[in-house]
Amino acid sequence: MIKLHYLRVYAFSIRQVHSQIAILGGGTAGLNVAAQLIADGHAIPQQIRIFEPMKMHTYQPGWTMVGGGLYDINKTLQPMEKVLPKNVIVSDSPVTKINPEENQIQTFDGQKYTYDQLVVATGIRTDFDQIKGARKYLEDPNSPVASIYHYKYASKMNRLVDEFEGGKLVFSEPQMPIKCGGAPQKIVYLSQDRLRKRGIKFDIHFYKTVALIFGVPKYAEILTDVCQRKQINCHFKQKLVEVQDHIAIFEDQDTKELKSVTFDLLHLVPPQVPAKFIAASGLGDAAGFCNVHPNTLQHIKYKNIWSLGDCSSLPTSKTAAAVMAQTPILVKNLIRTWKKGLEPIPSYQGYTSCPIFTSQSTLLLAEFKYNSELDETFPIFQSNESRLMFYLKKDFFPFAYWQFMVKGLWGGRDGFRFFKGA
């Protein structure tokens, strides 16, 4: 089993180290920013310091496909040193505090760093422990409880569906925001199709904390039809609060009453939270997300601090596609204000994309921006489920991620970025 772990180094003396550009996080957002800064000729690797304690970089969109029986878990993991730009400086002790007034970062080992420009890209953390008993049953290999929101539990989900011999399946979705808000229902449809093809008798129930199947009316209508056609029973305003032996306990969000639901297989999605140091350092909004302007990605108060991706306050769905759209805007505005002394351009309009598997051969590509307004790239293929979009998501997107995104050459729906400054 592959293990993701931290490497911690304890220092006995404290000294300050300066970097022109500090990037907190080596996930999709942080890696993409670093790669584009270098590919576009705005910085050389030695000017950038990335703070990332994890030793493995993960392609988390692939974990839905792993749990759905479409993808190999090993293809979602790469050693961090293989994906980070060459000669970029890396600090692997976790960040514990930022002092924005002093342009200073402090790490777990007591080391202090300073910066000219700071990019906060620490993602969002899954908090399985908010659901009582969840971790216990997820860790038990003999328990029929899994989750695609962890590489190990995604593999378990794939095995459980393979071994399922009939009965009741329960799927949950927590309060938003979460990373990839469509993923909790993708795994519902993928699992249903696998069992249908095997001729297994099943009873599927999908419990959502919110009151809608999807936040964009066009896609909500399509997905409602998908659920009805597949005989998926949807329950709204129901929050999973506890897991027991073959029992899931849900809290009604209106009445606060608790209801026990039996299951033969449970797929749960944990609540998700930003890193605590963001709020503790005075950078967060009311929910603790890094508080940036929704169109420029510049911090509301500190003009040399920027944020994108899952840890940011940007009021759009938290997806890899959103990061691809946000990165070039952040990079251009950072350079524009830092090097040229100009005001940032408010050009980000909230674009995001949620490719929703509806079976093991079809997909609904949802694309929208702020205020749930449609922003589609392939309208002719986005009014219903599409086989073409399925293969785009399953085969091309992972290829583009590993071969081009990590080099700063992939612009999401804008395509390849082969020219500096693109």
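It should be noted that the structure appears before, not after, this text.
Residues numbered from 1 in each chain as written. Predicted model: local features only at pLDDT ≥ 70, side-chain atom pairs only at ≥ 80, totals over all residues. Heavy atoms only, no water.

1. Let's talk about the sheet that holds strand 12 (residues 202-208)
Working step 1: Pairing is parallel in the open sheet, where five strands are placed in the order 10-17-11-12-13. Bordering the open sheet on either side are strand 10 (145-146) and strand 13 (232-235), each of which pairs with just one other strand.
Working step 2: Taken together, the seven bridges between strand 11 (residues 167-173) and strand 12 define a ladder with parallel strand orientation. The residue of strand 12 that forms the bridge with G167 is F202.
Working step 3: Where helix 6 (residues 183-198) meets the sheet, its contacts fall on strand 11, strand 12, strand 13 and strand 17 (265-267), and the angle it forms with strand 12 comes to roughly 175°. (Pairing = 2+ DSSP bridges. Helix = DSSP H or I, 4+ residues; strand = E, 2+ residues; numbered from the N terminus. Contact = heavy atoms within 4.5 Å. Axes fitted to C-alpha atoms, helices over the stretch in contact; angles between N-to-C directions.)

2. Here we look at the nonpolar core
Working step 1: Counting residues in each nonpolar core, the largest one holds 68 residues, and the members touching the most others are Y189, F214, V243 and L268.
Working step 2: Each residue touching F214, except ones within four places of it in the same chain, is listed here: Q185, Y219, A220, L223, C354, I356, A366 and F368.
Working step 3: One finds L37, I278, V292 and V323 within the second-largest nonpolar core, a separate group that totals 59 residues. (Core = buried A, V, L, I, M, F, W, Y, C linked by side-chain atoms within 4.5 Å. Buried < 20%, exposed > 50% of the residue type's maximum accessible area, 1.4 Å probe, protein only.)

3. Some remarks on a nonpolar patch on the surface
Working step 1: Judged by side-chain polarity, F378, I380, F381 and L388 come together as a nonpolar surface patch covering roughly 390 Å² of accessible area.
Working step 2: Among the structural elements, L388 can be located in helix 10 (residues 387-403).
Working step 3: Taking the relative accessible area as the measure of exposure, L388 reaches 49% and is therefore partly exposed. (Patch = residues over 30% accessible without salt bridge, like charges linked within 9 Å, V, L, I, M, F, W, Y side chains within 5 Å. Areas by Shrake-Rupley, 256 points an atom, 1.4 Å probe, with all protein chains shown as cover. Salt bridge = Lys/Arg side-chain N within 4 Å of Asp/Glu carboxyl O.)

4. Brief notes about the pattern of salt bridges
Working step 1: One pass over the full model with this rule turns up 16 salt bridges.
Working step 2: R229 is the partner of D225 in a salt bridge, and the nearest nitrogen-oxygen pair spans 3.0 Å. Linking D225 with R229, this pair stays in helix 7 (residues 217-229), spanning four residues, or about one helical turn.
Working step 3: Three or more residues joined by partner-sharing salt bridges are found here, namely D193, R196 and K197.

Interpretation in functional terms is not warranted from these geometric data alone.
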